[in-house]
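Below are the chains, spelled out letter by letter.
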Amino acid sequence: MNDFDVYLYDGSFNNLLNTIEILIKEKIKPIKIVSEECLENDLFSNIKKKTLSIDNYFAKYLKNISNDFFKIVYDVYLSDNQNKELIMYYFILNGLKYGSKVIYLRKLKCVNEALNISSYVRRESHKLKGFVRFRKLETNFFLAFISPTNNVIGYLSNHFKKRLSNESWMIYDLKRDLLSIYTKNKFMIIKVKDLEKNNFKFSSDELEFANLWNIFYKTIAIKQRTNKRCQMNFMPKKYWPYMIEMRDLVEKSY
Amino acid sequence: MSIEEKLKILADSAKYDASCSSSGSKRENNNGLGNASYSGICHSFSSDGRCISLLKILMTNCCIFDCKYCINRKSNEVKRALFTPEEICQITINFYQRNYIEGLFLSSGIIKSSDYTMNKLIETITLLRCKYHFNGYIHVKAIPGASNYLLKKLGSLVDRMSANIELPTNNALKLLAPDKNQDKVTNIMQFIKENKSKNFVNAGQSSQMIIGATNESDLNIMQMSTNLYNQYHLKRVFYSAYIPVNKDRFLPSLKMPPLKREHRLYQADWLIRYYHYKINDLLDDNHPNFDILLDPKTSWALRNLNQFPLEVNKASYNDLLKVPGIGPTSAKKIISNRKYYTLEYNDLKKLGVILKRAKYFILCNGKYFTNNNYFNLNFIKNNLLLEDNIDKKVQLCLFNE
Ligand code: SF4
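Note that the structure is a prediction, hence the values are computed from the model and not measured. (Residues numbered from 1 in each chain as written. Chains lettered and ligands numbered in written order. Predicted model: local features only at pLDDT ≥ 70, side-chain atom pairs only at ≥ 80, totals over all residues. Heavy atoms only, no water.)

(A) Fine view of the side chain of Thr19(A). All names here are of chain A. Here Thr19 lies in helix H1 (residues 13-25). A residue is classified by how much of its surface remains accessible, and Thr19, at 2% relative accessible area, is buried. Residues contacting Thr19, with those up to four places away along its chain left out, are Tyr7, Leu8 and Tyr9. (Helix = DSSP H or I, 4+ residues; strand = E, 2+ residues; numbered from the N terminus. Buried < 20%, exposed > 50% of the residue type's maximum accessible area, 1.4 Å probe, protein only. Contact = heavy atoms within 4.5 Å.)

(B) Region of the structure containing the site of the ligand. All residues in the neighbourhood of the ligand are listed as Cys63(B), Phe65(B), Cys67(B), Cys70(B), Arg73(B), Gly109(B) and Lys180(B). Here the shell around the ligand is composed, by residue class, of 4 nonpolar, 1 polar and 2 charged. (Near = heavy atom within 4 Å. Nonpolar A, V, L, I, M, F, W, Y, C, P; charged D, E, K, R; others polar.)

(C) Representation of the pattern of salt bridges in the model. All names here are of chain B. As enumerated under the stated definition, the model contains 24 salt bridges over all chains in all. Among the ionic pairs, Lys180 bridges to Glu166, the shortest N-O distance being 3.3 Å. Separated by 14 residues along the polypeptide, Lys180 in the loop between helix H5 (170-176) and helix H6 (182-195) and Glu166 in the loop between strand E6 (160-162) and H5 bring together distant segments of the chain. Accessibility expressed as a relative area gives 14% for Lys180, which makes it buried. (Salt bridge = Lys/Arg side-chain N within 4 Å of Asp/Glu carboxyl O.)

(D) Region of the structure containing the interface of chain B and chain A. Across the contact, 68 residues belong to chain B and 51 residues belong to chain A. Counting each side, the surface lost to burial between chain B and chain A is near 5300 Å², with a carbon and sulfur contribution of 58%. When residues of chain B are sorted by the area they lose upon contact with chain A, Phe45(B), Arg98(B) and Tyr100(B) head the list and together hold 13% of the total. Taken together, the links from chain B to chain A amount to 5 salt bridges. Glu206(A) serves as the salt-bridge partner of Arg98(B), at 2.8 Å between the closest nitrogen and oxygen. (Buried area = accessible area lost by both parts, 1.4 Å probe.)

(E) Geometry of the nonpolar core. Of all hydrophobic cores here, the largest spans 188 residues; its most connected members are Leu17(A), Phe216(A), Ile57(B), Phe95(B), Met161(B), Leu348(B) and Phe361(B). Other than its neighbours up to four places away in sequence, Phe361(B) contacts Ala301(B), Leu302(B), Leu305(B), Phe308(B), Pro309(B), Leu310(B), Val323(B), Pro324(B), Ile380(B) and Leu384(B). Core analysis: the next-biggest nonpolar cluster, separate from the first, contains 7 residues, Leu137(A), Phe145(A), Met170(A) and Val192(A) among them. (Core = buried A, V, L, I, M, F, W, Y, C linked by side-chain atoms within 4.5 Å.)

(F) Structural view of the state of the cysteines. Residue and element names in this part refer to chain B. This model, assessed by the stated rule, comprises 1 disulfide over all chains. Each sulfur in the disulfide pair Cys42 and Cys51 lies 2.4 Å from the other. Handedness here is read from the sign of the S-S torsion; for Cys42 and Cys51, about -110°, the answer is left-handed. Between Cys20, a free cysteine, and Cys51, which holds the nearest cysteine sulfur, the sulfur-to-sulfur gap is 5.2 Å. Judged by relative accessible area, Cys20 falls into the buried class, the value being 9%. (Disulfide = S-S within 2.5 Å.)

(G) Representation of the domain arrangement of chain A. All names here are of chain A. Each assigned domain of chain A is listed with its residue range as follows: domain 1 (5-123) and domain 2 (132-252). Using C-alpha coordinates to define each centre, domain 1 is positioned 31 Å away from domain 2. Between domain 1 and domain 2, the contact holds 8 residues from the first and 8 residues from the second. The junction of domain 1 with domain 2 conceals about 660 Å² of combined surface from both sides, 45% of it contributed by carbon and sulfur atoms. (Domains from an automatic or database assignment.)

(H) View of unusual backbone geometry. For the bond running from Phe308(B) to Pro309(B), omega is -5°, close enough to zero to count as cis. Here Pro309(B) shows up in the loop between helix H10 (296-303) and strand E9 (310-311). In the Ramachandran plot, Asp177(A) falls in the positive-phi region, its phi being about 55° despite a non-glycine side chain. Among the structural elements, Asp177(A) can be located in the loop between strand E6 (168-173) and strand E7 (178-183). Even without being a glycine, His233(B) presents a positive backbone phi close to 55°. We classify His233(B) as exposed; its relative accessible area is 52%.

(I) Examining the sheet that holds strand E4 (residues 135-136) of chain A more closely. The 5 strands are arranged E4-E5-E6-E7-E8 (chain A) in an open sheet whose pairing can be described as mixed. This sheet does not close on itself; its edge strands, each paired only once, are E4 and strand E8 (186-191) of chain A. (Pairing = 2+ DSSP bridges.)

(J) Spatial organisation of the confidence of the model for chain B. Put simply, chain B has an average pLDDT of 91, and 97% of its residues get 70 or more. Across the whole predicted complex the pTM is 0.91, and at the interface the ipTM reaches 0.92. (pLDDT = per-residue confidence, 0-100.)

Here it is in structure tokens:
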């Protein structure tokens, strides 16, 4: 085995865990672990794929270290950090070494990074629980577009599954081409290609309520307290294109 | 009158209430629409930087009272509107389904009588809960002077019910709101406290005080709010910088609302609720107002410099909280991490400590961040003021959830 190998996984969480498990067992220090989707031509590296075991024994084993630890591992997987696979590898390696106390060892670079990434992912997911905007379709389905930095569509779906349980809804992640569809107490997240996003027909009252919301949004601000910097800190501009109350502003400012 | 126009009028006259919090409720979705989020969710931020969580509207801006600071007082010539219960339900449901809001914050001017107005509010919320099966968050303002059985009825339908104390002393209230008195407000608070349960105002009550409309000191204000926290178990007191909407010889003429002062009060309120400070630690008869240049915690630390510097590897949790730049989250992280290794200055940043503030008040593994001789009041104070000056461009942000 060669320390300069690049290892490939299929993009899924389980496959990544399996790859890391094998690398750890065989005492290999990878310089890079990449998802097949993100693979660019890397002529100087030796690209390898490790065969995967089908059981999820390793995941269970990691969960046993502690639930908090395992959740952080999963959050790192969801993040868009360029280096997330390696951070996960080293975080897991230290988890195996130190056990549940690993999450208090911020002195270790990979632990600090993993914890920061995890809180970033959860922060974004929490923010989007508020910022997601549904529009009502002719078919009475509610539809929202998102384009989050991290892959939080699963967290959001769990949230809306409880909240809008008697409605039917879809959330479409434009950045990842992921579509979450919910009807009758279940949601499914699927990969879609070429969804015609301008072809939806909206319900007859959609414009009316969007308009009322815009009126409310503008009216509720107190002129004498104007504080755009604060507004932007709490609600970063990257979310504005999907929020109907901000759309005219985005078109002007982008 | 069109629904758009009504919404414009009734949102505009509701906007001065500072509260938009939607936290603290555990209401679940019971085969209907919506649930509460215990930590609260902000759905948008308006151009004044405030969190929008609830559809904050008045049922009507007609009012038989004449509170001097209020835009809706009866002597004002403003356009009046009234929402029907059905209209309020339609807007709430449709906004909620589209995830614009976390719920409804309904308040009202007083029409005919307190009880009549209460009954209208009850009718609206009953429709929302029972016909539309809405399980999202609802905050209502109780009408001062309403009968107890109506308070009981309305409280059993909502997550939060509250009454605004408006001003820090009864005299100020008499002066500016001749139709109100503190007893009417505290009676409501007492009733809510006594009846609070899982099925009655489960997210607790809050209140609001207007800052700068009368000449009370910060000490008066903090005494009132501490009293409210202790006596009626309020979840939050909101401080709202006075914004002149009416001209009146009893009202001050301010150009800008006292936002900085409001900010200091929120900071002090925070210190008392979460950091175990007492009012007397922060203010006394000789210093009845907060320092506008330095936050209350830093001012306290400078007055009590003999308690510093603290060794972060040894100090107790409560002592760590007293260090400017260390909050509950970073204090907890310090405690959990130092069990396993000795903390150095580099590590503190990773734990969320704001080092540029904290460094003056701590020792790290026995070392001060610079020469020990610099540990004196003048050096520290001048440096902190200098740094705050550099940061001045950063505008104040309200304490959000
Ligand atoms: S009772 Fe309320 S709405 Fe009426 S004038 Fe006083 S503050 Fe305004």
